[in-house]
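# Overview (structure and organization)
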Amino acid sequence: QVQLVESGGGLVQAGGSLRLSCAASRSIFSINGMGWYRQAPGKQRELVAGITGGGNTNYADSVKGRFTISRDNAKNTVYLQMNSLKPEDTAVYYCNANFPLHTYWGQGTQVTVSS
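Below is a short write-up of the structure. (Residues numbered from 1 in each chain as written. Predicted model: local features only at pLDDT ≥ 70, side-chain atom pairs only at ≥ 80, totals over all residues. Heavy atoms only, no water.)

## Some details on the sheet that holds strand β7 (residues 67-72)
- Taking strand neighbours across the sheet as the criterion, the four strands line up as β1-β3-β8-β7 in an open arrangement whose pairing is antiparallel. Each edge of the open sheet is held by one strand with a lone partner, namely β1 (4-7) and β7. Ignoring strand direction, the axes of neighbouring strands in this sheet form an average angle of 15°.
- Across four bridges, the pairing between β1 and strand β3 (residues 18-24) is antiparallel. Across the sheet, S7 pairs through a bridge with S21, a residue of β3. (Pairing = 2+ DSSP bridges. Helix = DSSP H or I, 4+ residues; strand = E, 2+ residues; numbered from the N terminus. Axes fitted to C-alpha atoms, helices over the stretch in contact; angles between N-to-C directions.)

Set out below in structure tokens:
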């Protein structure tokens, strides 16, 4: 079993920045990939950004140029730097870790962007 603990969410004004962290309870060195998803009220959960084991990244079109995903293998942590936040970025953000035999989810962290 792997625990994913997210942190860094909160309330921010439009145009502001937040950095989310997702700490895994075991090494992510050999992981297939990790990602950040979000779910707004009444909407389906959607992929925001992903990073593969090899370090390749991909982003939702709505966040390209504003969000950056990165990982620190030494700390077993994945980050999501969010800049130029918009009210439509308001959602619960979930960390996802795709290990070779199982996929895990964090508990979610709320991000609220006020206009």
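## With respect to the pattern of salt bridges
- Summed over all chains, the structure comprises four salt bridges.
- With a closest N to O distance of 2.7 Å, R38 and E46 form a salt bridge.
- Look at the salt bridges and you will find they share partners, linking R38, E46, R66 and D89 into a network. (Salt bridge = Lys/Arg side-chain N within 4 Å of Asp/Glu carboxyl O.)

## Focus on unusual backbone geometry
- The phi dihedral of N76 falls on the positive side, at around 55°, and the residue is not glycine.
- Residue placement: N76 occurs in the loop between β7 and β8 (77-82).

## As for the state of the cysteines
- Per the stated rule, a full pass over the model turns up one disulfide.
- The disulfide that involves C22 links it to C95, with 2.0 Å between the sulfurs. Negative torsions about the S-S bond denote left-handed disulfides, and the value of about -80° found for C22 with C95 makes this one left-handed. A residue pair is termed long-range when its members are at least 10 positions apart, and C22 in strand β3 and C95 in strand β9 (residues 91-98) qualify at 73 residues.
- Judged by its relative accessible area of 0%, C95 is buried. (Disulfide = S-S within 2.5 Å. Buried < 20%, exposed > 50% of the residue type's maximum accessible area, 1.4 Å probe, protein only.)

## Quick look at the environment of N76
- Residue class for N76 comes out buried when judged on its relative accessible area of 18%.
- The contacts of N76, once residues within four sequence positions are left out, are C22, A23, A24, R26, S27 and I28. (Contact = heavy atoms within 4.5 Å.)

## Here we look at the packing of aromatic side chains
- Taken as a whole and judged by the stated rule, the model has two aromatic pairs.
- An angle of 65° between the planes, with centres 4.9 Å apart, marks the rings of Y37 and W105 as edge-to-face. Of this pair, Y37 sits in strand β4 (residues 33-39) while W105 is found in strand β10 (residues 103-105), placing the two residues 68 residues apart along the sequence.
- Here Y37 falls in the partly exposed class, since its relative accessible area comes to 23%.
- For the pair F99 and Y104, a centre-to-centre distance of 5.9 Å together with 80° between the ring planes defines the contact as edge-to-face.
- Judged by relative accessible area, which is 4%, F99 ranks as buried. (Phe/Tyr/Trp six-rings, centres within 6.5 Å; stacked < 30°, edge-to-face > 60°.)

These figures capture arrangement, not role.
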